[in-house]
Each structure stands twice: as structure tokens, then as C-alpha cells.
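Letter by letter, the chains look like this.
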Amino acid sequence: MTWDEYKEQVKSTDPLGKQLIEEAEIEAHIVASIIRQRHNLGMSQHELAELCELPQSSIEKIEANKTMPRLDTLARIFYNLGLTVTVAPKPIPIKAS
């Protein structure tokens with residue numbers, strides 16, 4: 001069984017497992033977006049940290065997924081990378097009656 005198959009199995013059989021996996025996937029997407037954009041801009045962690053007025057170690061921990069920053073810190077990082085955040089409603093599954 002592959003990792004993706006395992007995730008899908010957990011998501012279809014365990015509501016709490018599904019929630020935890022989906023939250024982890026969202027966090028991974030956010031971190032990957034930060035890393036990708038920083039690289040696209042040719043920026044080092046140190047340079048990003050200076051722009052955001054944060055310690056370089058904070059950027060390192062965020063990118064290593066060792067910590068999830070507060071919303072204001074995340075907004076500062078996104079702003080300095082030229083990224084935006086979009087909030088949209090999640091489709092709500094229709095329950096059969």
C-alpha cells in the first residue's frame with residue numbers, strides 16, 4: 001500500500017484521522033508555498049528573516065515544519081514574499097437522509 005492509498009483509507013474510515021491528515025496537508029501546502037516562492041525570488045532564509053524582522057531560526061523552523069507561525073507572522077512572511085492568502089468556503093458534503 002502506498003502512502004497516498006493509506007491516507008485515502010484513513011480518510012474514508014476514520015473521521016478524526018481524516019481531519020488530522022487534512023490539517024497536515026494544508027500546513028504542508030503553506031510551508032511548500034513559502035519555500036518555493038523564497039527560492040523563486042533567489043532569497044535566503046536570512047534575507048527573508050531580515051525583511052520580516054524575525055530571527056533566521058524562526059524561518060528555518062517554519063520551513064522544516066517544526067513550528068506553525070501565528071497568523072500575523074504568516075501574513076508578514078507572505079507579504080514580504082509577494083504572496084496572498086485566499087479564504088474560500090469548503091464544499092460541505094450532502095448527507096443522505
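The shown structure was predicted, so the numbers you read here are calculated from the model rather than taken from an experiment.

Caption draft 1: A look at the nonpolar core. Counting 12 residues, the largest nonpolar core consists of Ile34, Met43, Leu48, Ala49, Cys52, Leu54, Ile59, Ile62, Leu74, Ile77, Phe78 and Leu81. Elements with a contribution of two residues or more to this core: helix H3 (45-52), helix H4 (56-63) and helix H5 (71-81). Tallying contributions element by element places H5 first for this core, with four residues.

Caption draft 2: Up close: the environment of leucine 41. Here leucine 41 shows up in the loop between helix H2 (15-40) and H3. By relative accessible area, leucine 41 is classed as partly exposed at 45%. Taking C-alpha positions, leucine 41 is 9.6 Å from glycine 82, a pair spaced 41 residues apart along the chain.

Caption draft 3: The arrangement of the confidence of the model for the protein in detail. Of the residues in the protein, 98% have a pLDDT of 70 or more, and the chain-wide mean is 92. H3 holds the highest mean pLDDT among the elements of the protein, 98, whereas helix H1 (residues 3-13) holds the lowest, 90.

Caption draft 4: Region of interest: the packing of H3 against H4. Two numbers describe how H3 lies on H4: the axes approach to 8 Å, and their chain directions differ by 115°. Viewed along their axes, H3 and H4 form a crossing whose handedness is right-handed. Contacts from Gln45, His46, Leu48 and Ala49 in H3 reach Gln56, Ile59, Glu60 and Glu63 in H4. Residue classes in the contact of H3 with H4 are distributed as three nonpolar, three polar and two charged.

Caption draft 5: Geometry of the side chain of glutamate 63. Within the element layout of this structure, glutamate 63 appears in helix H4. We classify glutamate 63 as buried; its relative accessible area is 13%. In terms of polar contacts, glutamate 63 uses its side chain to reach the side chain of glutamine 45, at 2.8 Å. Those residues in contact with glutamate 63 that lie beyond four places of it in its chain are Val31, Ile34, Ile35, Arg38 and Gln45.

Caption draft 6: Inspection of a nonpolar patch on the surface at higher detail. Taken together, Met1, Trp3 and Tyr6 make up a surface patch of nonpolar side chains, about 420 Å² in accessible area. Following the sequence through the fold, tyrosine 6 ends up in helix H1.

Caption draft 7: How the structure looks around H3. Regarding H3, the residues found buried are Gln45, Leu48, Ala49 and Cys52. Seen end-on, H3 carries its buried residues on one side only, within an arc spanning 100°. The inward-facing, buried residues of H3 contact H2, H4 and H5.

The rules we used
Residues numbered from 1 in each chain as written. Predicted model: local features only at pLDDT ≥ 70, side-chain atom pairs only at ≥ 80, totals over all residues. Heavy atoms only, no water. Core = buried A, V, L, I, M, F, W, Y, C linked by side-chain atoms within 4.5 Å. Buried < 20%, exposed > 50% of the residue type's maximum accessible area, 1.4 Å probe, protein only. Helix = DSSP H or I, 4+ residues; strand = E, 2+ residues; numbered from the N terminus. pLDDT = per-residue confidence, 0-100. Axes fitted to C-alpha atoms, helices over the stretch in contact; angles between N-to-C directions. Left-handed = near helix turned anticlockwise from the far one by under 90°. Contact = heavy atoms within 4.5 Å. Nonpolar A, V, L, I, M, F, W, Y, C, P; charged D, E, K, R; others polar. Polar contact = N/O pair within 3.5 Å; in protein donor to acceptor, adjacent residues only side chain to side chain. Patch = residues over 30% accessible without salt bridge, like charges linked within 9 Å, V, L, I, M, F, W, Y side chains within 5 Å. Areas by Shrake-Rupley, 256 points an atom, 1.4 Å probe, with all protein chains shown as cover. Salt bridge = Lys/Arg side-chain N within 4 Å of Asp/Glu carboxyl O. Arc of directions from axis to C-beta.

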